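Structural features, examined
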Amino acid sequence: MFSSFTPPRQVKIGDAAACAGTTPRAIRHYHAIGLLPEPVRGGDGRRRYGYQDMIRLLWIRRMADAGIALDDIRDAFADTVSADTDGDGDSGGDDYGIAGTLERLELTLRAQEAELRRQRTAVQRMRTEGSRMGLLSDFVTGRLKGLPEGSVRQADLDGLLVTERIFGPLGAAVQAGRFIALATHPELRKESDRVDAAEEALDDTIAVDDPRVAQVAAERHAFEKALQAAIEDSGLAEGDDALFDSWDTLHPATVDEGEDEAGRGSGREQKTMSAFEAVGKMPYDFSPARLRCMELAEELAAHESTAS
């Protein structure tokens, strides 16, 4: 006995969406971008979808689920129509005209996989380090390994983060030598804290020609000399030379010699900018007196360098 059920010859948009596993809104969008041709409308003005409409809709959903962009799906169907018009109607050899699209999709997925691996590595490094240090480039964190726990402060990591963003991993790795010296020389760390506090005290209530400005500048200059001497005595300066050699090995020069360091070797898909641009966009809440103190400290260093 035959079933008395008779399938509909056409269905409305709600039933078409339910059958395809999508929504009426999505189907209307497919119509709007030319992906799904507008079907005939019934006497009530509503769309009616037939078998061929549903076949196309099902393929659209399957392709979209595979990660193919809607514009590429539309182009693939356009290529199929062109092949049917120009050839013998057999478009199966081109797999609905999406061979090129699938190749691009595979390249995109590979890039996404590489990015996921990078993210997983960063998370693993962070778990291993037990701090945000693991989010810095391994070129930087590798130099800080072996230091006593807690000897690298959060403020140190903040400084490395800014330096890496502006000058790239190499610049931050070189700067890491400073924090290694501070971590291994308690007396220098104590003096660093004292000079930092003196500079912070030069707030907006202090005039730029206040004697304290020049005094703190001299103290900063003296501290930097002591720190540099400690870096040289401990062999960290030689480590800097090795860093440059290692960097050159890992990142050989390219034809684009104008590439800025801020974007080289970071492993991130961030928009890069020149160091000059980055410095101009990074806010520092320094008072005029503190800025003058920094200028005076630099002048002392430059004068001593010229004299020697």
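What you see is a predicted model; the values in this text were computed from it and never measured.

Taking 1.5 Å of rise per residue, the 15 residues of helix 3 (residues 51-65) would be expected to cover 21 Å, and the 21 Å separating its terminal C-alpha atoms lies within 8% of that figure. For helix 3, the complete set of buried residues consists of Met54, Arg56, Leu57, Ile60, Arg61 and Met63. Directly beyond the C-terminal end of helix 3, a positive phi value near 100° is found at Gly67.

Further remarks concern the environment of Gly50. Mapped onto the elements, Gly50 comes out in the loop between helix 2 (24-32) and helix 3. Overall, the relative accessible area of 14% leaves Gly50 in the buried class. Not counting residues within four places of it along the chain, the set of residues in contact with Gly50 comprises Arg9 and Gln10.

Ranked by size, the top nonpolar core spans 27 residues in total, and within it Leu144, Leu160 and Leu227 carry the most contacts. When residues of this core are traced back to their parent elements, those giving at least two are helix 6 (138-144), helix 7 (154-184), helix 8 (186-200), helix 9 (211-233) and helix 10 (236-250). The element that contributes the greatest number of residues to this core is helix 7, accounting for eleven residues. Not counting residues up to four positions away in its chain, the partners in contact with Leu144 are Met133, Leu160, Ala176 and Ile180. Of all hydrophobic cores here, the second largest spans 19 residues; its members include Val11, Leu36, Phe77 and Leu105.

To continue, consider the pattern of salt bridges. Across all of its chains, the model carries 21 salt bridges by this definition. The shortest N-O distance in the salt bridge between Arg61 and Asp65 comes to 3.2 Å. Residue Arg61 and its partner Asp65 are both found in helix 3; the two are separated by four residues, about one turn of the helix. On the accessibility criterion, Asp65 (57% relative accessible area) is exposed. Among the salt bridges present, the one from Arg178 reaches Glu224, with a minimum N-O distance of 2.7 Å. Of the two residues, Arg178 sits in helix 7 while Glu224 sits in helix 9, which places them 46 residues apart along the sequence. When its relative accessible area of 24% is taken as the criterion, Arg178 is described as partly exposed. We classify Glu224 as partly exposed; its relative accessible area is 25%.

Okay, a negative patch on the surface next. A contiguous patch of negative charge, built from Glu238, Asp241, Asp245 and Asp248, is present on the exposed surface. Judged by relative accessible area, which is 51%, Asp245 ranks as exposed.

Moving on to the packing of helix 9 against helix 12 (residues 288-307). For the pair helix 9 and helix 12, the least separation of the axes is 8 Å and the interaxial angle reads 50°. The angle between helix 9 and helix 12 places the two elements in the oblique class. Helix-helix and strand crossings are classified by hand; for helix 9 and helix 12 the assignment is right-handed. Across the interface between the two elements, Val213, Ala214, Val216, Ala217, Ala218, Arg220, His221 and Lys225 from helix 9 touch Ala289, Arg292, Cys293, Leu296, Ala297, Leu300, Ala301 and Glu304 from helix 12. Its residues assigned to classes, the contact of helix 9 with helix 12 shows eleven nonpolar, one polar and four charged.

Looking now at the confidence of the model for the protein chain. In this model, the protein chain carries a mean pLDDT of 83, and residues with pLDDT of at least 70 account for 83%. Segment residues 89-93: pLDDT under 50, and six contacts once partners within four positions in sequence are set aside and those in other chains are kept. When the criterion is pLDDT under 50, residues 255-269 qualifies, and its contacts beyond four places in sequence or with other chains add up to 29 contacts.

Under the definition given, this model contains two aromatic pairs. Seen from their ring centres, Phe139 and Trp247 are 5.1 Å apart, and the 65° between their planes marks the pair as edge-to-face. Of this pair, Phe139 sits in helix 6 while Trp247 sits in helix 10, placing them 108 residues apart in sequence. Neither Phe139 nor Trp247 differs from the other in exposure class; each is buried.

Conventions and cut-offs
Residues numbered from 1 in each chain as written. Predicted model: local features only at pLDDT ≥ 70, side-chain atom pairs only at ≥ 80, totals over all residues. Heavy atoms only, no water. Helix = DSSP H or I, 4+ residues; strand = E, 2+ residues; numbered from the N terminus. Expected span 1.5 Å × (residues − 1). Buried < 20%, exposed > 50% of the residue type's maximum accessible area, 1.4 Å probe, protein only. Contact = heavy atoms within 4.5 Å. Core = buried A, V, L, I, M, F, W, Y, C linked by side-chain atoms within 4.5 Å. Salt bridge = Lys/Arg side-chain N within 4 Å of Asp/Glu carboxyl O. Patch = residues over 30% accessible without salt bridge, like charges linked within 9 Å, V, L, I, M, F, W, Y side chains within 5 Å. Areas by Shrake-Rupley, 256 points an atom, 1.4 Å probe, with all protein chains shown as cover. Lys, Arg positive; Asp, Glu negative; His and termini not counted. Charge placed at Lys NZ, Arg CZ, Asp CG, Glu CD. Axes fitted to C-alpha atoms, helices over the stretch in contact; angles between N-to-C directions. Parallel < 35°, antiparallel > 145°, perpendicular 65-115°, else oblique. Left-handed = near helix turned anticlockwise from the far one by under 90°. Nonpolar A, V, L, I, M, F, W, Y, C, P; charged D, E, K, R; others polar. pLDDT = per-residue confidence, 0-100. Phe/Tyr/Trp six-rings, centres within 6.5 Å; stacked < 30°, edge-to-face > 60°.

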